[in-house]
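Working through the structure, step by step
Listed here are the chains, written in short residue letters.
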Amino acid sequence: MIDGSDSAGSAGDARQRFGLAGLAEAIVETLDQPLLILTSNLTIADVNSAYCETFGVTAEETRGQPIYRLGNGQWDIPELRRLLEQVLPERTTVKGYRIEHKFPDIGRRVMILNARRITDDDGRPELILLTVSDRTQAEQTQFELEGHREFLEKLIDSVREGLLVLGWDLKVIRANQTFYDLFQVSPAHTEGRLVYELGNRQWDIPKLRELLEDVLPDNNAFDDVEVEHDFETIGRRIMLLNGRRLDHLDLILLAIRDVTEQRRMEAQQQTLMGELHHRVKNVLSSVNALANRSLHESQSLDEFRDRFATRLGSLSRTQDLLMRAPEHDVRMAEVLRLELEAQGGHEGKNYQLDGPVVTLSRETTQAFAMAIHELATNAVKHGAWATPEGRLKVTWTAHRRKGNGTLISFRWRENGRDIDTAPARKGYGSQVLERVFSHSLDGTSELTLHPDGAEFAAEFKLQD
């Protein structure tokens, strides 16, 4: 064991063996920082080899030079003058004094200066020790690192997907704003927590565990893995997960894209496509029926063309009505007004409607409109509307039956025109009406001819 007296003796022996001057010189040359030793009048007394190597000069051409004349006046720097002439005279030591200057030979430099005054016993300045640390590269590196960090942070926050940065212990280092907005959480309840513990353990998802603990360590990445999960705060969500393991940084990037709405739209589009396919088939079937019906009723090609054109126009109007309400049922009164006014009707003048609000499905609308077209066409040609005095009143009632849909009772009554109550044959239009209500609408119908006009009554059910 070495006591204090032994240590003091060893230090004394060293000073005696090497001398104070030799020891000081050895220390100066050992420093890897540039060092200048100045006299009280700021003339260079000596420099170390680190200074000479840094600034490309020799000790001989430097000694005896006023510091401000070094390198053809390169060291005549305002900040250095302030340090040596204003700051240091008031202090014994100055540390961490920063100077930034552009030198003609070595370019811009950032230097950190440490200075110390050494005085004699009378208190007069004798020497100044001045070390110069070149921090140019360090500050440049720090600036670039801060720039890269800012770039990455802004890049992360600009990503429209939710993004989690995890450590290899699966704890959250940070998340972007999209993640916080999407899952309605805050940084305080996210950063530093195990990913499975987020949101009252809402993220403890078996599929996510498999990806992070089994897939990622072996494959370094996974792409577009779809996960469906119920979250306590935001409900059921469908997410696409992408993960990357950054080996050099011991980090994991987990990107989360919410595709819930996209999947809903895709399913809706698929349904609409199926519905459109079904509708097109129905329309083509209706066109074929209209053509056959018009052909059987016509005595000439011109008559067929006129009949077919009017019925096709009715079908077109019905399709327009259905297209205006693609996701909703159609009101029965709308179908009646559309067809009656297309045949010259004016509500309140030559026809009246009276009944509750009844909505028809798309299939029912098409069949019902076809029947109304036949009734209206017949009224124009042979019935009430064949004369200006003729009038039409359409009434209906709706009776809801528990567990068995709604029963519609429909009545069409024309008056104001004398008609034949016992025609020689049953018209083709009457047959069409019977088929529409018995087959398409699964109901019953009856046509009665009164002396002052026709009456048509029907009943059919609407399913809930």
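These figures come from a predicted structure and were not determined experimentally. (Residues numbered from 1 in each chain as written. Predicted model: local features only at pLDDT ≥ 70, side-chain atom pairs only at ≥ 80, totals over all residues. Heavy atoms only, no water.)

Some remarks on the sheet that holds strand β14 (residues 391-400)
The strand order across the open sheet built from 5 strands is β12-β14-β15-β17-β16, with neighbouring strands paired in mixed fashion. Across the chains shown, the open sheet's two edge strands, defined by having one partner strand only, are β12 (351-354) and β16 (444-450). Across this sheet, the average inter-strand angle for adjacent strands is 10°, counted without regard to direction. Direction of pairing for β12 relative to β14: parallel, over a ladder of 4 bridges. Each bridged residue has a counterpart across the sheet, and for tyrosine 351 the counterpart in β14 is leucine 392. Against the sheet, helix α12 (residues 332-342) contacts β12, β14, β15 (406-415) and β17 (453-462), and its axis sits at roughly 175° relative to β12. Its contacts with the sheet put helix α13 (residues 362-381) on β15 and β17, and the angle it makes with β15 is roughly 15°. (Pairing = 2+ DSSP bridges. Helix = DSSP H or I, 4+ residues; strand = E, 2+ residues; numbered from the N terminus. Axes fitted to C-alpha atoms, helices over the stretch in contact; angles between N-to-C directions. Contact = heavy atoms within 4.5 Å.)

So, the pattern of salt bridges
Summed over the entire model, instances satisfying the criterion amount to 20 salt bridges. Put simply, aspartate 258 and arginine 237 hold a salt bridge, and the shortest N to O gap is 2.9 Å. With aspartate 258 in strand β10 (residues 251-258) and arginine 237 in strand β9 (residues 235-246), the pair connects residues that are 21 residues apart, well separated along the chain. Among the residues examined, aspartate 258 registers a relative accessible area of 28% and is labelled partly exposed. A salt bridge links glutamate 261 to arginine 264; its shortest N-O distance comes to 2.5 Å. One end of the pair, glutamate 261, and the other, arginine 264, are both in helix α10 (residues 260-297), 3 residues apart, so they sit about a helical turn from each other. (Salt bridge = Lys/Arg side-chain N within 4 Å of Asp/Glu carboxyl O. Buried < 20%, exposed > 50% of the residue type's maximum accessible area, 1.4 Å probe, protein only.)

Some words on the environment of arginine 400
Mapped onto the elements of the fold, arginine 400 is located in strand β14. The class for arginine 400 is exposed, based on a relative accessible area of 64%. Remark: the alpha-carbon pair of arginine 400 and leucine 462, spanning 62 residues in sequence, is separated by 9.3 Å.

So, the confidence of the model for the protein
Confidence in the prediction of the protein, expressed as mean pLDDT, is 79, and 78% of residues score 70 or more. In this model, residues 1-12 is a region of pLDDT below 50 whose contacts with residues beyond four sequence positions or in other chains number 2 contacts. (pLDDT = per-residue confidence, 0-100.)

Here we look at unusual backbone geometry
The backbone phi angle of leucine 170 is positive, close to 65°, even though this residue is not glycine. Examined against the element boundaries, leucine 170 turns out to sit in the loop between β6 (162-167) and β7 (172-175). Positive phi, close to 55°, is recorded for glutamine 184, a residue that is not glycine.

Remarks on the environment of leucine 253
Of note, leucine 253 is situated in strand β10. According to the relative accessible area criterion, leucine 253 is partly exposed, its value standing at 28%. Sequence-wise, leucine 253 and alanine 175 are 78 residues apart; in three dimensions their C-alpha atoms are separated by 9.8 Å. Residues in contact with leucine 253, not counting those within four places in the same chain, are Leu164, Val165, Asn242, Gly243, Arg244 and Leu246.

Quick look at the pairing of β17
With 7 of 10 residues buried, β17 lies mostly within the body of the structure. Looking at chain direction, β15 and β17 are connected through 8 bridges and run antiparallel. Counterpart to phenylalanine 410 in the pairing with β17 is alanine 458. Bridge analysis of β16 against β17 gives 7 bridges, and the strand direction is antiparallel. Along β17, the bridge assignment pairs histidine 450 with glycine 453. Count of turn residues in the β16/β17 antiparallel hairpin: 2 residues.

Things to note about the sheet that holds strand β8 (residues 221-231)
With antiparallel pairing, the 5 strands of this open sheet are ordered in space as β7-β6-β10-β9-β8. Taken across any chain shown, the strands that pair with only one partner, and hence form the sheet edges, are β7 and β8. Within this sheet the neighbouring strands show an average axis-to-axis angle of 25°, counted without direction. With 8 bridges joining them, β9 and β10 adopt antiparallel strand pairing. Across the sheet, the residue bridging to glycine 243 is leucine 254, located in β10. Sitting on the sheet, helix α9 (residues 206-219) is in contact with β6, β8, β9 and β10, with an inclination near 170° to β8.

Quick notes on the nonpolar core
Residues Phe368, Trp396, Phe410, Trp412, Phe437 and Phe460 are the most contacted members of the largest nonpolar core, which totals 35 residues. For this core, the elements supplying multiple residues, two or more each, are α12, β12, α13, β14, β15, α14 (428-440) and β17. Among residues more than four places away in sequence, those in contact with phenylalanine 460 are Met332, Phe368, Thr406, Leu407, Ile408, Phe410, Phe437, Leu441 and Gly443. Within the second largest apolar cluster, 29 residues are counted, among which are Ala59, Ile67, Leu80 and Val87. (Core = buried A, V, L, I, M, F, W, Y, C linked by side-chain atoms within 4.5 Å.)

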